[in-house]
Amino acid sequence: MAIRRLDPILADRIAAGEVVERPAAAVKELVENALDAGASRIDVTIAGGGQKLIRVIDDGAGMDEADLALCVERHATSKIPDGDLTNIATLGFRGEALPSIASVARLEIATRRAEAPHGLRLRVAFGEVSAAAPMALAQGTRVEVRDLFAATPARLKFLKSERAEASAVADVVKRLAMAHPDVRFSLGGEGLSGFDHQACAPGQEGLLARLTQVLGRDFRENALAVDAARDDFQLWGFAGLPTWHRANALAQFVFVNGRPVRDRQIAGAIRAAYMDYLSSDRHPTLALFIECPPHRVDVNVHPAKAEVRFADPGLVRGLVIGALKQSLAGALHRATTTNAAAAAQKFASNLPGFFRPAPAQNWDWRASPAAPSLLDAAPSFNEGAPSGFAEASPAADARAHEAAPQESDLAAPLGAARAQIHETYIIAQTRDGLVLVDQHAAHERLVYERLKAERAKNGVARQALLSPLVVDLDPDDAARLTDAADLLLSLGLALEPFGPGAVAVHEAPAALRVAAIESLVRDLACSLAEDGAAAPLEKKLDHVLATMACHHSVRSGRRLAPEEMNALLREMERTPGAGQCNHGRPTYVELKLADIEKLFGRR
């Protein structure tokens, strides 16, 4: 079959399959164009999940007649003035979005520059361009896309429901809104909950305000500030407390030079930073922003610009892990505020019916259990307790309540111990509420952190194997392990190459079983191939310490003296990560006095 040149419109439709795979991708391209034009307000409207209508209006710089004619031509752009792909400072740069959209839909662009006497309108119907015409318009640009993919019916078959497509559009607009808090964003249309996020002030407080608009008030109450720099990379943003977690990673947002991205190495760094706080099936909520010189990151590695490639991925990984660990350590005992709300809701839902009595009708006081005749016949309080009560041990130890609490303890974040109930939970009083502490979970975390500090100070104890353990591997995996030999040695694993496709292990951490070393080496090879880290070994060593902490901590059922309870509370306040146990569960719940008063109808 002879080779022939494709029709230009057909070529555009083929390219549109990469650039515009669904309505959300078209919205992303149009909103990025508006941001590159310097817009301070962007309004997005959709219908039919974006397939019937997409309308994006901005108040940016606008275009003149020459630019308007060029913008629908393939590979025409104003964003690479010197042709240097290593110095891209804008969100868009390829010049593919508008011609790709125009080849598979009906496109109308209306635009006006500030100095122009009137606006201009250009229409393109499935690749056929009409002449520009004048029209009345304020400064900025309005882009309307109708009947998306009508020219490619096969693409329509792969679209999801209108509600699902609308949800994808909302996700795209929310991500871009988070990346640009100084711009006002609004979204409206069928099948979604619209929003209108006002522009926020510059700086960290403005960023937190925008994240609160998008993610909700709970994020503000459970967010930790992140701020770090290394070389010419800067990292800032907010990370959720470990006790405020989710079942998936959909609430993790990463931005590079203002561009929303999904990067596997950064996702791995986030997992590594939270590994000591969360179980493997739970994920934190966070928004991280990375700024670096354009030549240190390649944004031209994905058709939809959803992925990037760093010149030094190891530096970025170390920056993310270090910054997150520093913020989490600085939180000390702090735990999520939603636990208290959940506890109060649980109490309220279990209130007996007599706490909400209905108005009585035809009530006779003589039928009351407190009628005088019944009270006179009641046994005296001096007659002694029934035998069943005399034999039972008390469920609560109130010895801590015998002495007045110290003012210093009351002023402390976790308050002063007042009682121990069921020999498992400590009740502490603060100035504005109470704290309920799980003594075993709390002390387990304290012992675990103490063991980790000792390991960091003294190093990992190693034991020499009686004979080297040879592990056969893929040659590439063996080479990765050999290159990481110094890192593995710092974690207690000494190995060296043993011919092609094999390594010989001479020493291993003393805390690990010899039988588990071979599978550990294979796991390390996979981890190094994925993100260059030795997470499996670190995780196994931490698991050993966690097991030791569990067996050497205060057990449930042990009665504590008031001094011991207060000492436990004070140590929790000084220890990083004390808000959750080694399994990610909270170690305490705090109820404010206002919450308690609501339970009793006082508020």
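Now for a quick tour of the structure.

Calculation rules
- Each chain has its residues counted from 1, following the order in which its sequence is written.
- For this predicted model, a pLDDT threshold of at least 70 governs which residues receive local features, and a threshold of 80 or more governs which side-chain atom pairs are given and counted, while totals over whole chains, interfaces and linings are taken from all residues.
- Only heavy atoms go into the side-chain values, all of them from the structure, while hydrogens and water stay out.
- In this description, strands pair whenever DSSP reports at least two bridges between them.
- Only DSSP runs of H or I covering at least 4 residues are called helices, and only runs of E covering at least 2 are called strands; the numbering of each starts at the N terminus.
- Convention adopted: a line fitted to C-alpha atoms gives each axis, helices being fitted over their contacting stretch, and angles between N-to-C directions are expressed from 0 to 180 degrees.
- Only protein chains enter the area calculation, which uses a 1.4 Å probe; residues under 20% of their type maximum are buried, those over 50% are exposed, and those in between are partly exposed.
- Here, a salt bridge means any Lys or Arg side-chain nitrogen found within 4 Å of an Asp or Glu carboxyl oxygen.

This part takes up the sheet that holds strand β13 (residues 252-256). Strand order in this open sheet of five strands is β10-β11-β16-β13-β14, and the pairing throughout is mixed. Edge strands, defined here as strands with exactly one partner in the open sheet, are β10 (223-230) and β14 (259-261). Between one strand axis and the next, the sheet turns through 20° on average, direction left out of account.

Our next topic: the environment of Asp276. Within the element layout of this structure, Asp276 appears in the loop between α9 (264-274) and β15 (283-284). What makes Asp276 buried here is its relative accessible area of 13%. For the pair Asp276 and His583, spaced 307 residues apart in the sequence, the C-alpha separation amounts to 8.8 Å.

Let's shift gears to the pattern of salt bridges. Following the criterion strictly, the structure yields 30 salt bridges and no others. Notably, a salt bridge pairs Glu205 with Arg220, separated by 3.2 Å at the nearest N-O pair. In this pair, Glu205 sits in helix α7 (residues 204-215) while Arg220 sits in helix α8 (residues 217-221), placing the two residues 15 residues apart along the sequence. Judged by its relative accessible area of 33%, Arg220 is partly exposed. One connected set of salt bridges, linked through shared partners, spans Arg55, Glu108, Arg123, Arg142, Glu144 and Arg146.

Strand order in this open sheet of three strands is β23-β25-β24, and the pairing throughout is antiparallel. Two strands close off the open sheet at either side, each with one partner strand: β23 (462-472) and β24 (494-497). The average angle at which neighbouring strand axes cross in this sheet is 15°, direction not considered. In this sheet, strand β25 (residues 502-509) lies alongside β23 in antiparallel orientation, the contact comprising seven bridges. Across the sheet, Ala464 pairs through a bridge with Glu507, a residue of β25.

So far we have only geometry, and geometry alone does not tell us how the molecule works.
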